[in-house]
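Examination of the molecular architecture
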Amino acid sequence: MVTLFVWLKSGTILHPRPRAVISSLVMRLKKGNVLLFSFGLVSVWLFIIVLTPAPDATHKSSYHRELMADLKARHDSVTKPVGDEKSHKKVKMKADDTNLVDSHVKISQKRDKRKKVNEAGHFVPKKVKVGDKVSLKSSKNETKPVTVQWEANLAVLHKAKTKAAYTKLWKKAASWVQSDQINLPGAEELGSILHGMSTAKIKKADIGYKGTQLKARLVLEGGQMVVFKPKWYRRDEVMTGNPYSGKDRHNGEIAAFHLNRILGFNRAPLVAGRRVNLLTEVFPVATPTLNATFTSQNNNTCFYGKCYYCKPSDPACAEGDIMEGSLTLWLPAKYTLQRWKHPWARTYRSSKKARWEEDDAYCDEVKKTHPIERQRLLLDIIDTAVFDYLIGNADRHMFETFEADEDPMLLLLDNGKSFGNPYWDEGSILAPVKQCCIIRNQTWTILQEFKERGLSDAMRQVLSHDPVSPVLSELHLQALDRRLIDISEAVNVCITEKGQAVLM
Ligand SMILES: Nc1ncnc2c1ncn2[C@@H]1O[C@H](COP(=O)(O)OP(=O)(O)OP(=O)(O)O)[C@@H](O)[C@H]1O
Ligand SMILES: [Mn+2]
């Protein structure tokens, strides 16, 4: 206004004649108005652009914007330094947020308790060397001597702290991936790598890559990709209905990895359990696509991801912010996978039977088909049937191999549909064993050893090292022993009928 006044005044001084002064004044006022109006318009526009945050394209609904703001606020409050009384009080004063603060406090207390348990020996494995004899307590409380080469290498010899140390661990694991096995039996670094998987900082998080089930892809410190499968069920929850019902069991993935290892298959990628804080470990590093699926139910943080079965009404929920899950180490990118239909796949329809369900001579035909005409794959399919019968997995509809291999091995990927019902032994899973009547000699020898020693004892012992132990309920562990007897009987029937030629 002052500028305008000075400007108008200066105009009158320069034009002494009154008419000329008035007309010049009108002209100037018009010009001035236009100028002023434009100036105001630009200022308002600039104010809107510069000061107002741009709307996020991924957050479509206002509900979701609110949720994101809430998660962000909770994330900020959770990441405030623990023990900082001031910041705690400040957060507590947020009227609508007291429950969240309470749950955070409870979690840190729980964590401390867990730590004490760890110090008492839970995570610290016994120092045993490869091939040592140790005593395992059986379920009947008697002690049996057991060779524990599959337990000794669970000792954490090195706790990685730096990026370089993590990278070294991932490189070691990648070096084990070969055409005939993907983990190295007896390698002493196994414990350190599994420990690294459950401790490495999560650098990125994204939705799952393939498949129908909810999962997340994480990139760990040092650049290693892993698949995160969330916990859906309590350990004692029983899956009923058909033999493949329910969602993936993350604890099943962990147990299956170790079983694959101790049975000498070494064809499953490394799996470790982990409890992640969705709010502080995943949310800040997640892609917008994954973040857009974050939600909350009864004060628990949840996510529903993006996959065939993923839907907002059915998210996986953490306890508070802490979500338990399994991490599966991604295979090195240089190995391209090839996917095949499993010859003993189910139809997934009660009205339609598969060929193998009706034709006991089915195996003779399978033997002629590509790529199974190679004996390696057929024997791998038999091993897999033994493995799946033990873990109760009736969902091996496909299998994968390394594309580059001429005579490839069957990779034991996706073992999540396992340990669903400890009361039920799904006999149909053994169809390949019964119909082909062959088995690897090595597998047969190992199975017999475990029949003597107790498979459940061995599994109980190795699984006790996992961070989310107990991985399996007692009922599931005992089911392993019972199912092993069934397998043994099935093979013995073949041996009685066909002699030692059954053993390959
Ligand atoms: N550790 C891994 N390394 C490399 N590729 C993997 C790994 N785990 C899974 N994959 C790839 O991702 C695909 C999907 O994984 P997975 O089978 O566990 O998911 P899913 O949702 O259970 O799938 P489906 O619905 O087919 O049963 C696998 O078929 C495989 O191609
Ligand atoms: Mn699956």
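Reading guide: rules and limits
Residues numbered from 1 in each chain as written. Chains lettered and ligands numbered in written order. Predicted model: local features only at pLDDT ≥ 70, side-chain atom pairs only at ≥ 80, totals over all residues. Heavy atoms only, no water. 1 Å grid on protein atoms, 1.4 Å probe; cavity = no way out; pocket = protein on both sides within 12 Å on 5 of 7 lines; lining within 4 Å. Points joined across faces, edges and corners; volume = space filled by probe spheres on them. Nonpolar A, V, L, I, M, F, W, Y, C, P; charged D, E, K, R; others polar. Disulfide = S-S within 2.5 Å. Helix = DSSP H or I, 4+ residues; strand = E, 2+ residues; numbered from the N terminus. Salt bridge = Lys/Arg side-chain N within 4 Å of Asp/Glu carboxyl O. Buried < 20%, exposed > 50% of the residue type's maximum accessible area, 1.4 Å probe, protein only. UniProt positions renumbered as here; feature names shortened; annotations may be inferred. Contact = heavy atoms within 4.5 Å. pLDDT = per-residue confidence, 0-100. Near = heavy atom within 4 Å. Polar contact = N/O pair within 3.5 Å; in protein donor to acceptor, adjacent residues only side chain to side chain. Areas by Shrake-Rupley, 256 points an atom, 1.4 Å probe, with all protein chains shown as cover.

The rolling of a water-molecule-sized probe over the atoms marks out the regions of remaining empty space. Per the stated rule, a full pass over the model turns up 5 cavities of 30 Å³ or more. Estimated volume of the largest cavity: approximately 160 Å³. What lines the largest cavity is a set of 18 residues, among which H342, W344, R346, R396 and I429 lie closest to the centre. Taken together, the residues of the lining of the largest cavity break down into 9 nonpolar, 5 polar and 4 charged.

This brings us to the state of the cysteines. One pass over the full model with this rule turns up 4 disulfides. In this model C363 forms its disulfide with C436; the gap between the sulfur atoms is 2.0 Å. Given an S-S torsion of about 105°, the disulfide between C363 and C436 has right-handed geometry. Here the residue C363 occupies a position in helix α13 (residues 362-368), and C436 occupies one in helix α15 (residues 431-436), the gap between them amounting to 73 residues.

A full pass over the atoms with the stated rule returns 29 salt bridges. Residue K229 is joined to D248 by a salt bridge in which the shortest nitrogen-to-oxygen separation is 2.7 Å. Taken together, the positions of K229 in strand β5 (residues 224-230) and D248 in the loop between β5 and α9 (250-262) put the pair 19 residues apart, joining distant regions of the chain. You'll find K229 and D248 in the same group, each marked buried. Ionic pairing is found between D383 and R267, a salt bridge with its closest N-O pair at 2.9 Å. Of this pair, D383 sits in helix α14 (residues 375-391) while R267 sits in the loop between α9 and β6 (271-277), placing them 116 residues apart in sequence. The same class applies to D383 and to R267, which are both buried. Ionic contacts of the salt-bridge type, sharing partners, join the residues R267, R376, D380, D383 and R440 into one network.

As annotated by UniProt and renumbered to match this structure, "active site" (unreviewed entry) occupies D395. Looking at the secondary structure, you find D395 in the loop between α14 and β12 (398-402). A residue is classified by how much of its surface remains accessible, and D395, at 13% relative accessible area, is buried. Those residues in contact with D395, other than ones at most four positions away along the chain, are Y244, Y348 and K417.

Another point: the confidence of the model for the chain. Residues at a pLDDT of 70 or more form 71% of the chain, whose mean pLDDT is 80. The low-confidence segment residues 1-27, where pLDDT is below 50, has 8 contacts with residues more than four positions distant or belonging to other chains. When the criterion is pLDDT under 50, residues 48-61 qualifies, and its contacts beyond four places in sequence or with other chains add up to 8 contacts.

A word on the site of ligand 1. Within the structure, ligand 1 sits among 18 residues, and T212, Q213, K215, R339 and E400 are positioned closest to it. Measuring from an oxygen atom of ligand 1, one finds a side-chain N or O atom of K215 at 2.8 Å. Measuring from an oxygen atom of ligand 1, one finds a side-chain N or O atom of H397 at 3.4 Å. Summarising the interface, the protein chains cover 93% of the accessible area of ligand 1, which totals 610 Å² for the free molecule. The residue inventory of the shell around ligand 1, partitioned by class, reads 6 nonpolar, 5 polar and 7 charged.

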